[in-house]
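Coordinate analysis (summary)
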Amino acid sequence: MTDTPGSDDRTCTEYEVQEVEKVNRTGKQPVVFVHGLWLLPNSWDPWREVFEEAGYATAAPGWPDDPETTEQAHAHPEVFANKSIGQIADHYQEVIEALDKKPAIIGHSFGGLLTEILAGRGLAAVSVPISPAPFRGVLPLPFSALKSGSPVLRNPANRSRAVPLTYDQFKYGFANMLDDDEAKELYEKYSVAGPGKVLFQAASANLNPWTQDKVDTKNPERGPMLILAGEKDHTVPHAIANASFKHERRNDGVTEIVEIEGRGHSLTIDSGWREVCDKALAFVKRFV
């Protein structure tokens, strides 16, 4: 790791240290999963099974101070407050640098943005940002994206708070393509509070030259990248994902985008997750 064990700057939990050690013991190609806002690492559990069956060793670190379960997150939502994009990215970098091999990195939503940041730091062998949140230079701001972010952005005090979604907000932002039964099941199983700060950072990125919400798209060490986007995504509409792709394709590495028909922002956790997982797996297999 970048810091010695016991260093005050070290942010890895004991669980994450054990995950890294377990991956390194296998000698296999690692795959690191990065969750997004309002979710926890457990949202990747089905994906991890698929990738491990395909011969990879997986890790799904949390954001700093993430609880291990949805129940713990509901009991102590305050632990999510005041996390910044830079702080979260640095935490993942610490985990990744402890791996013996450069990993494939797969992330969803804000985890997709973090995937692009980490790939831009030269930390990914190959990367798959899924419905990635926008970074500085990505200009489209469709109404549905504004509405999806409004539960946080409409109150400036939320910048320093942990903000949960109501079911109706989750239904609009994540589950707009699902029936109520599946939407409610996902909401209860996965939805947790999230740090308002990251949304305010994203909203102001194009006005702030010193923003943490920026990606080095030209780094020759970025590696191959596939952006996956849901056709009906309210939170990260195609216009945002495609604008990210246009920036990323300036890189000399392989850069591709695939839009998945009829899918919303819940595409990694809903009943159609396997289609998305298989596309990510096929891309990763091409390179590692």
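Above this note sits the structure.
Because the structure is predicted, anything quoted here is derived from the model rather than measured.

**A short note on the overall build of the protein**
Looking only at helices and strands, the protein has 11 helices and eight strands in total. Over its C-alpha atoms the protein spans a radius of gyration of 17 Å, differing by no more than 12% from the 19 Å that the globule rule assigns to 288 residues. Taking the principal axes of the C-alpha coordinates as reference, the protein spans close to 45 × 40 × 40 Å. Taking all 288 residues of the protein together, the buried fraction comes to 57%.

**Observations regarding the environment of Lys-184**
Mapped onto the secondary structure, Lys-184 falls in helix H8 (residues 180-190). The exposure class assigned to Lys-184 is partly exposed, which follows from its relative accessible area of 40%. As for Lys-184 and Glu-78, which are separated by 106 residues in sequence, their C-alpha atoms are 23 Å apart.

**Topic: a negative patch on the surface**
Together, Asp-45, Glu-49, Glu-52 and Glu-53 give the surface a local cluster of negative charge. Among the secondary structure elements, Glu-49 is positioned in helix H2 (residues 45-53). Owing to a relative accessible area of 52%, Glu-49 belongs among the exposed residues under this scheme.

**Some details on the nonpolar core**
Within the largest apolar cluster, 58 residues are counted, with the highest numbers of intra-cluster contacts made by Phe-110 and Leu-113. Look past the residues within four positions of Phe-110 in its chain and what remains in contact with it is Gly-36, Leu-37, Trp-63, Ile-85, Ala-133, Val-198, Leu-199 and Ala-202. Listed in part, the 24 residues of the second largest apolar core include Val-50, Leu-228, Leu-267 and Cys-277.

**Let's talk about the packing of aromatic side chains**
Scanning all chains against the criterion turns up nine aromatic pairs. Ring geometry for Tyr-167 and Tyr-187: centres 5.7 Å apart, planes at 75°, overall edge-to-face. One end of the pair, Tyr-167, is in helix H7 (residues 167-173); the other, Tyr-187, is in helix H8, with 20 residues separating them in the sequence. Seen from their ring centres, Phe-170 and Phe-174 are 5.0 Å apart, and the 10° between their planes marks the pair as stacked. Like Phe-170, the residue Phe-174 is buried in the burial classification. In textbook terms, an aromatic cluster arises when at least three aromatic residues are bridged by ring pairs, as seen for Phe-33, Trp-44, Trp-47, Phe-51 and Tyr-56. Seen from the ring of Tyr-172, Lys-147 lies directly overhead, with NZ or CZ sitting 4.2 Å from the centre. Here the basic side chain of Lys-184 rests over the ring of Tyr-167, its NZ or CZ set 5.7 Å away from the ring centre.

**Here's the deal with helix H4 (residues 85-97)**
Between its first and last C-alpha atoms H4 spans 18 Å; for 13 residues at 1.5 Å apiece the expected length is 18 Å, and the two agree. Most of H4 is tucked away: 10 of the 13 residues are buried. Against the buried residues of H4 lie helix H1 (14-26), strand E1 (30-34), strand E3 (104-108), helix H5 (110-120) and helix H9 (196-203).

**Focus on the sheet that holds strand E8 (residues 255-260)**
One open sheet holds the six strands; their spatial order is E2-E1-E3-E4-E7-E8, and the pairing between them is parallel. Every other strand in the sheet has two partners, leaving strand E2 (57-59) and E8 as the edge strands with one partner each. Sheet twist, expressed as the mean angle between neighbouring strand axes with direction ignored, is 15°. Pairing of strand E7 (residues 225-230) with E8, which is carried by six bridges, proceeds in the parallel orientation. What sits directly across from Leu-226, in E8, is Glu-256. Relative to the sheet, H1 contacts E1 and E2, its axis offset from that of E2 by approximately 170°.

Analysis parameters
Residues numbered from 1 in each chain as written. Predicted model: local features only at pLDDT ≥ 70, side-chain atom pairs only at ≥ 80, totals over all residues. Heavy atoms only, no water. Helix = DSSP H or I, 4+ residues; strand = E, 2+ residues; numbered from the N terminus. Rg over C-alpha atoms; globule rule 2.2 N^0.38 Å. Buried < 20%, exposed > 50% of the residue type's maximum accessible area, 1.4 Å probe, protein only. Patch = residues over 30% accessible without salt bridge, like charges linked within 9 Å, V, L, I, M, F, W, Y side chains within 5 Å. Areas by Shrake-Rupley, 256 points an atom, 1.4 Å probe, with all protein chains shown as cover. Salt bridge = Lys/Arg side-chain N within 4 Å of Asp/Glu carboxyl O. Lys, Arg positive; Asp, Glu negative; His and termini not counted. Charge placed at Lys NZ, Arg CZ, Asp CG, Glu CD. Core = buried A, V, L, I, M, F, W, Y, C linked by side-chain atoms within 4.5 Å. Contact = heavy atoms within 4.5 Å. Phe/Tyr/Trp six-rings, centres within 6.5 Å; stacked < 30°, edge-to-face > 60°. Lys NZ or Arg CZ within 6 Å of the ring centre and 35° of its normal. Expected span 1.5 Å × (residues − 1). Pairing = 2+ DSSP bridges. Axes fitted to C-alpha atoms, helices over the stretch in contact; angles between N-to-C directions.

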